[in-house]
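Below, each chain spelled out in residue letters.
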2 protein chains.
Amino acid sequence: MKNILLCVLLAGTSPVLAQQNDLIRFVNPMVGTARMGHTYPGATVPFGMVQLSPDTDTIPYAVNGKYNPEVYRYCAGYQYNDPTLVGFSHTHFSGTGHSDLGDILLMPTQGALQLNPGTADKPQSGYRSAFQHRNEQASPNYYSVLLDDHRIKAELTTSTRVGFHRYSFEDAGDGHIILDLIHGIYPYENKSVWTFMRMENDSLLTGYRQTNGWARTRTQYFAITFSKPVKSYGYRNFAPKEVYKGFWGKFDQYNNFPEMAGSQLRAWFDFDVKAGESIQVKVALSPVSTAGAVANLRAEIPHWDFEQVKAAGQALWQQELQKIQVEMLTEADKTNFYTALYHACLTPTVYADVDGRYRGIDQNIHQADGFTHYTTFSLWDTYRALHPWLNLMQPQRNADMVRSMLAHYDQSAHKMLPVWSHHANENWCMIGYHSVSVIADAAIKGNTGFDAHAALNACVATARHRSYDGLGYYIDLGYVPEDKNGSSVSKTLEYAYDDWCIAQLAKKLGEKAVYLEFSQRAGNYRNVWDAGTGYMRPRLSNGAFRKDFDVLSTHGQGFIEGNAWNYSLYVPHEPDTLIKMMGGRSAFVRHLDSLFSMPLPDHHFAGTEDISRDGIIGNYVHGNEPSHHVAYLYPFAGAPHRTQALVRQIIDSMYRPTPDGLGGNDDCGQMSAWYLFSSLGFYPVAPGSDQYVLGSPLVKSALISFPNGNKLEISAKNQGKGRVYVKTVRLNGQLLKGHLISHDQLTAGGKLEFELSAKPVK
Amino acid sequence: MKNILLCVLLAGTSPVLAQQNDLIRFVNPMVGTARMGHTYPGATVPFGMVQLSPDTDTIPYAVNGKYNPEVYRYCAGYQYNDPTLVGFSHTHFSGTGHSDLGDILLMPTQGALQLNPGTADKPQSGYRSAFQHRNEQASPNYYSVLLDDHRIKAELTTSTRVGFHRYSFEDAGDGHIILDLIHGIYPYENKSVWTFMRMENDSLLTGYRQTNGWARTRTQYFAITFSKPVKSYGYRNFAPKEVYKGFWGKFDQYNNFPEMAGSQLRAWFDFDVKAGESIQVKVALSPVSTAGAVANLRAEIPHWDFEQVKAAGQALWQQELQKIQVEMLTEADKTNFYTALYHACLTPTVYADVDGRYRGIDQNIHQADGFTHYTTFSLWDTYRALHPWLNLMQPQRNADMVRSMLAHYDQSAHKMLPVWSHHANENWCMIGYHSVSVIADAAIKGNTGFDAHAALNACVATARHRSYDGLGYYIDLGYVPEDKNGSSVSKTLEYAYDDWCIAQLAKKLGEKAVYLEFSQRAGNYRNVWDAGTGYMRPRLSNGAFRKDFDVLSTHGQGFIEGNAWNYSLYVPHEPDTLIKMMGGRSAFVRHLDSLFSMPLPDHHFAGTEDISRDGIIGNYVHGNEPSHHVAYLYPFAGAPHRTQALVRQIIDSMYRPTPDGLGGNDDCGQMSAWYLFSSLGFYPVAPGSDQYVLGSPLVKSALISFPNGNKLEISAKNQGKGRVYVKTVRLNGQLLKGHLISHDQLTAGGKLEFELSAKPVK
């Protein structure tokens, strides 16, 4: 009966589905690994705790005490054009513009033991190795590379909490596995605060490393097991000063001594290897303890079958990818699509042991009861499209992410929701309190997987935290004064939007006083509007606008990662008012057109962060987030055809299926989520509302399987190059009026039909 | 009925009992605080986790990278002759000869805020203060002092896990409480590895400090609560380099910012104080987490009644002290006795939260199921008399201490029992594996509070650990060769004794093979006996004795904390064989007499560690442990009268009720336990046997209440100055033959009557 039922079900689905049982091949993890994409090519499972990936260099954060701008290229550890790699570490951010992690670097070597990485121009000077891209393979949950200098093939795969290495030695001889616990991303002299390791038996090592970096007080616990007994092992402490040895001096504690500790350690593990022999290594992580890491190891991979782990992880990926079955014009588009879908399934990451215990921001151990605890909330980026995307496609995970944010709030000494948090730390990066957007968006769209009333309280407490980043001034004056707190216009605009989100949530929950308070605050964007220049403009505490004002410059002008041109369009919650302020619909359209067509002088571009030169169109900066909604503002001014054309232009120019295919940092999937929405034909301009603005789909067709069981088939009649304009949109046969479609309309499923045309339909 | 019963019971007991309901007044915690006693005068409860005591200076461990011998004087933080003190810290060893701890120093000040301790010659240069002993009071669980510079009376008391401070300000004004987290005992530049603190609300601070010292990887968690809201607070990081600030820079994180972190922090807490106002502070410790510290705080002292806490702790002391009710010749003797009893109830210390959770040596959190977990095992010292004393008077605690050692074994990467362990660390200080003595002694004497078979396995594994401190050579050669491993004679002798202990335990458990193996090893002391010189002497790996040999020197001669004269007498388990080797009874007595009468040249004394000049008698070094059994060897050679005289001489000269009253380090109570046994008239020459050697009691009478409910009344007829010789000993009226009394004889209770005389009875 079951088999018959299955056949019937398959027969009843779209023909697309049956073809696409190997969507993994359309994912290219190399996309974004060159230049500023800051993605990593290594192995991971969806939202996995382990991101096991090659690092091509260890670039110091500072040289002679001065910030070293080169470090920025290594936010994800890997730069595609590097000729060598230093090893494989277990934690990586995907697409960030600042960084941390790179924990527990393993590197297999052969021949003389070398404990320093050496330099890229002389790989023989250290344990690193040259490698060739032709000997490298990257796909979901599998990465392999031939290490030329050591003639070792390294293969990587993972489960959620365990990295699995297979090192195949071409030659017989002295095999070493180097464990570099100084190595890390964004490292500097004192980053490794303390390291503790124990050889528990002849093949199991446990330990932890504590770092002071972007995460100020971070501890990564681990358990490492080798597939054959270690012949001999040892470590060296590379700390410049290690005064106190005590009575440990009576031992040779650096060789085959089972307890190792110090601030800057590199260890090695020796094996006699035969030609062609594979040595396998499993590395489990834990945020809790080494005991937690051992438990994760035993629970997730209680065997040595590499292929089984690889297949299990790839099945998880297939499961994620097949939620959207697309037909596209080209293979390249399909790769772009599924790679974007892949990148939008990496972050936030699971941050708890198999038993649900995790380290909170208070550094105490907590139990996640009834939810999966996540970390890495790059909220200034991801509230815009990634979390709305997750709320659409992964509402359960998104609810658990909200619960993780609420746990952060409960455990925070500041009693604030996360701003930018990772690994039991708030790193305070960027501005705003965009957790409230994620929370309100989820609640407004009917996500009931968390306590909305508790969430509102957390939002309100966060938004009333006077000592946070100019917020006291904002509350008192209605804007952040630039003379008191920099990036004041960006902060004012983003606080106002966040406040609107809180108001929407309060309204839904019937909390009238809160609704009124925050609706009032939501209008604060007006307080930085300078009608004289027609831009949002920094204001001083005396009420005057600041005199010195360059509308093209990014730095020191009251903005952050954006200039006045871009940020002046940041009123996602009240575009109609913005249009009025800007002189009405026609003027607004002309203004937007100028944005997309004006030349951006080189000296202004140089000041733009985190993007490549091709990450901009005119003065529109897609590589940074503040403009992500801008192309979708035209419909509010009656010019949806401009959105349709521009969205397709942005997709074409900013997303390519090549290592250098991303025009800017992927930012934990935000850039990819923009692509996913846009290629399907809609975008959440104002998360916190249940509306999406219609654009122009890139897909020929897409079959979306929502977790509620409903399926939405999107089709684009006349899809083709140049045919970017939307003639009609029909939902289940009914013509859609206006430029919006609601969350409920989408998730109810059915057919969403776009009819495209080569010419604008006005 | 109850009251009547009580009266009857009281009426039935010795008249001594009724008088002694305030034994606390006979305890003087100042004893041993001058010179080398290395005791601390502060407040603690029996075996308490918190030892809250004043530290008179912060002496660097090294100056310009070179060990600073001055640091040694501050093993317990306090030196009686110092004119100033720097504050009150919460963890102290009692009587050690190396050190650590001194965690969480608080100091109340008034006036301008000073964050450096300043110097003793200019107390105004820092937060420290001058003080006078006349304004100081020290008694069990209560310490108070007037801080002259700040006109603040500081009072301290404790519960097991919480320190309670009462600071009474004479003057109105700006009150500060300094929290110095750089301060510590045996500090050096890098000792503070990391510190993390959170202001949880207006009066609760939580945090932890991690150190690298004698304990290599140690974390002390705490929770501090103030009796009134903090007006303002802040911290400074005194680390020479603190490169990474990240995005925290957007805040003023040094003032009223609730999350503080860095490697070397000092914080302050400000209060407006009125004249005469008291500010109270409770500081809870935890080895587990800040949440554990908060739970300990709430469970143990959920109120602000200082007097109640003081009284509760003093009641615990009275309970311990009244277990032995003594009559003595002088008030000074009585103070010596109860102070020794006090010092023998300090260590090991509880090391677990109120819920039984503790940090193991693997740095994981474990649950102590069915026992109290202890730490601070100074085993090279304490196996001799302190643990036998605890086994006699506190068998339940001693069993829990054994269980704590077995937990250490289970959790150790080395799979070894503790050598010298504290605070979840093995510090490897001194030699031997004397855990096995403590375990065997407990088991042989019928202590069934632990799994003896598991304990035997742990003992055997420890004793077979070839890579430990010359043990592989010892196993192969029957001795430790001096050319391979220093202090080789001391190690050989102590290993042999330890092996005998293992054999005794194996015999009791019927493990014949183990018994035979370790009985064989127990004879290894013969392998370092040089019949030619008549001394134990270092041997080389080629079998020859080392040529260069100075029998009076302590260093580099194959011994540790003892010279050949003393160590040659170290065969506590087979004194009869030793006597034979040394030429028979008469020759042995003459040899011992020489030891106690020969002059020790100054240049040899200078090489003797850890003792004052008055810590020796002739060449007998009471201030160090290896000779502690030596005065009790005479009876084996038929000269018990020499023991009787010498024991009284040692008591008289080495124990005085004054700050400088101890002739050497009290060593976690070992010196005090020697006193307790000796003053009662017996001593455990060979722990691991159930026999005590009889001496000559100092008490006039003593009523010992054993935990089994039995009472032993010891009396000394004719007790008096000069009447040190024992004429007869009667147990329950029966004349005791020979020089031994068994554990069962003692603990069965009854009457033990010594008849003393001014003349030796041969």
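This text follows the structure it describes.
Residues numbered from 1 in each chain as written. Chains lettered and ligands numbered in written order. Predicted model: local features only at pLDDT ≥ 70, side-chain atom pairs only at ≥ 80, totals over all residues. Heavy atoms only, no water.

A. Up close: the overall build of chain A. On a plain count of helices and strands, chain A comes out with 20 helices and 39 strands. In terms of C-alpha radius of gyration, chain A reaches 26 Å, essentially the compact-globule figure of 27 Å for 762 residues. Reported as C-alpha extents along the three principal axes, the dimensions of chain A are approximately 80 × 70 × 50 Å. Per-residue burial for chain A yields a buried fraction of 68% across its 762 residues. The centroid of the 68 positive side-chain charges in chain A is displaced by 5 Å from the centroid of its 72 negative side-chain charges. (Helix = DSSP H or I, 4+ residues; strand = E, 2+ residues; numbered from the N terminus. Rg over C-alpha atoms; globule rule 2.2 N^0.38 Å. Buried < 20%, exposed > 50% of the residue type's maximum accessible area, 1.4 Å probe, protein only. Lys, Arg positive; Asp, Glu negative; His and termini not counted. Charge placed at Lys NZ, Arg CZ, Asp CG, Glu CD.)

B. Region of the structure containing the environment of L471(A). All names here are of chain A. Its place among the elements puts L471 in helix α11 (residues 471-477). The class for L471 is buried, based on a relative accessible area of 0%. For the pair formed by L471 and N485, sequence separation is 14 residues and the distance between their alpha carbons is 9.4 Å. L471 has contacts with Y433, T462, A463, H465, R466, Y495 and R521, leaving out every residue within four places of it along the chain. (Contact = heavy atoms within 4.5 Å.)

C. The interface of chain B and chain A, seen in detail. At the junction of the two partners, chain B supplies 52 residues and chain A supplies 52 residues. Interface of chain B and chain A: buried area, both sides summed, is about 4900 Å²; carbon and sulfur atoms make up 54% of it. If you look at where chain B meets chain A, you find 2 salt bridges. A salt bridge links K250(A) to D469(B); its shortest N-O distance comes to 3.6 Å. Counting across the chain B and chain A interface gives 17 residue pairs in polar contact (both at pLDDT 80 or more). Of the residues forming the side of chain B that touches chain A, the biggest block, 5 residues, is contributed by strand β13 (residues 192-199) of chain B. Grouping the amino acids of the side of chain B that touches chain A by side-chain chemistry returns 25 nonpolar, 16 polar and 11 charged. (Buried area = accessible area lost by both parts, 1.4 Å probe. Salt bridge = Lys/Arg side-chain N within 4 Å of Asp/Glu carboxyl O. Polar contact = N/O pair within 3.5 Å; in protein donor to acceptor, adjacent residues only side chain to side chain. Nonpolar A, V, L, I, M, F, W, Y, C, P; charged D, E, K, R; others polar.)

D. Here's a closer look at the sheet that holds strand β27 (residues 425-426) of chain A. All names here are of chain A. Taken together, 3 strands build an open sheet; the order of strands is β25-β26-β27 and the sheet is antiparallel. Here the strands that pair on one side only, and so sit at the sheet edges, are β25 (377-378) and β27. In the sheet, β25 pairs with strand β26 (residues 420-422) via 2 bridges, with the strands oriented antiparallel. Bridge pairing links F377 to S421 in β26. (Pairing = 2+ DSSP bridges.)

E. Inspection of the packing of helix α18 (residues 640-654) of chain A against helix α19 (residues 670-680) of chain A at higher detail. All names here are of chain A. Contact geometry for α18 and α19: axes closest at 10 Å, N-to-C directions at 135°. Considering the angle they form, α18 stands oblique to α19. Between α18 and α19 lies a crossing of left-handed hand. Touching V647, I650 and I651 of α18 are W674, Y675, S678 and S679, all from α19. (Axes fitted to C-alpha atoms, helices over the stretch in contact; angles between N-to-C directions. Parallel < 35°, antiparallel > 145°, perpendicular 65-115°, else oblique. Left-handed = near helix turned anticlockwise from the far one by under 90°.)

F. Examining the pattern of salt bridges more closely. All names here are of chain A. Summed over all chains, the structure comprises 66 salt bridges over all chains. For the salt bridge of K445 with D441, the shortest nitrogen-to-oxygen distance reads 2.8 Å. Exposure class is identical for K445 and D441. Each is buried. A salt bridge links E574 to R526; its shortest N-O distance comes to 3.7 Å. In this pair, E574 is assigned in the loop between α14 (564-567) and α15 (575-581) and R526 in the loop between α13 (512-522) and β28 (529-530), connecting sequence segments 48 residues apart.

G. The arrangement of helix α3 (residues 290-300) of chain B in detail. Taken together, the buried positions of α3(B) are T290(B), G292(B), A293(B), V294(B), N296(B) and L297(B). Contact partners of the buried residues in α3(B): β11 (162-169), β14 (204-211), β15 (218-226) and β19 (278-286) of chain B.

H. The packing of helix α12 (residues 488-509) of chain B against helix α13 (residues 512-522) of chain B, seen in detail. All names here are of chain B. Two elements in contact, α12 and α13, have axes separated by 7 Å at closest approach and are oriented at 155°. One element, α12, and the other, α13, form an angle in the roughly antiparallel class. Crossing angle aside, the handedness with which α12 passes α13 is left-handed. Note on element contacts: α13 touches α12 through V514, Y515, F518, S519, R521 and A522, opposite A496, D499, W500, I502, A503, A506 and K507.

I. Summary view of the side chain of S487(B). Residues and elements named next belong to chain B. Structurally, S487 can be placed in the loop between α11 (471-477) and α12. By relative accessible area, S487 is classed as buried at 18%. Not counting chain neighbours up to four residues away, the residues in contact with S487 comprise E482, G558, F559 and I560.

J. The arrangement of the packing of aromatic side chains in detail. Counted according to the given criterion, the structure contains 100 aromatic pairs over all chains. Here W428(A) and W248(B) contribute two aromatic rings whose centre-to-centre distance is 6.1 Å and whose plane-to-plane angle is 90°, an arrangement assigned as edge-to-face. Taken together, the positions of W428(A) in the loop between β27 and α9 (435-444) and W248(B) in the loop between β16 (232-237) and β17 (259-262) put the pair across two chains. This pair shows no difference in class: W428(A) is buried, exactly as W248(B) is. Three or more aromatic residues link up through ring pairs in this structure, and these residues are F26(A), F337(A), Y338(A), W389(A), Y632(A), Y655(A), W674(A), Y675(A), F677(A), F682(A), Y683(A) and Y692(A). Here R539(A) stacks its cationic end above the ring of F545(A), 5.6 Å away from the centre of that ring. Above the plane of the ring of Y409(B) lies K415(B), whose end atom (NZ or CZ) is 5.8 Å from the centre. (Phe/Tyr/Trp six-rings, centres within 6.5 Å; stacked < 30°, edge-to-face > 60°. Lys NZ or Arg CZ within 6 Å of the ring centre and 35° of its normal.)

K. How the structure looks around the sheet that holds strand β32 (residues 682-683) of chain A. Residue and element names in this part refer to chain A. Across the sheet, which stays open at both edges, the 3 strands sit in the order β32-β33-β38 with antiparallel pairing between neighbours. Each having just a single partner strand, β32 and β38 (740-742) make up the two edges of the open sheet. Taken together, the 3 bridges between strand β33 (residues 691-694) and β38 define a ladder with antiparallel strand orientation. The partner of Q691 across the bridge, within β38, is S742.

L. Quick peek at helix α18 (residues 640-654) of chain B. Spanning 15 residues, α18(B) covers 21 Å between terminal C-alpha atoms, matching the ideal 21 Å at 1.5 Å per step. When we look at burial in α18(B), the residues that qualify are H641(B), T643(B), Q644(B), A645(B), L646(B), V647(B), R648(B), I650(B), I651(B) and M654(B). (Expected span 1.5 Å × (residues − 1).)

M. Expanded view of the relation of the copies chain B and chain A. Overlaying chain B on chain A yields an RMSD of 0.0 Å, the required transformation being a rotation through 180° with an accompanying axial translation of 0.0 Å. Between the two chains, the operation in question is that of a two-fold axis. No C-alpha of chain B lies nearer the rotation axis than that of V193(B), which sits 3.3 Å from it. Most of the interface of chain B is mirrored in chain A, where 100% of its interface residues are also at the interface. (Least-squares fit on C-alpha atoms with pLDDT ≥ 70 in both.)

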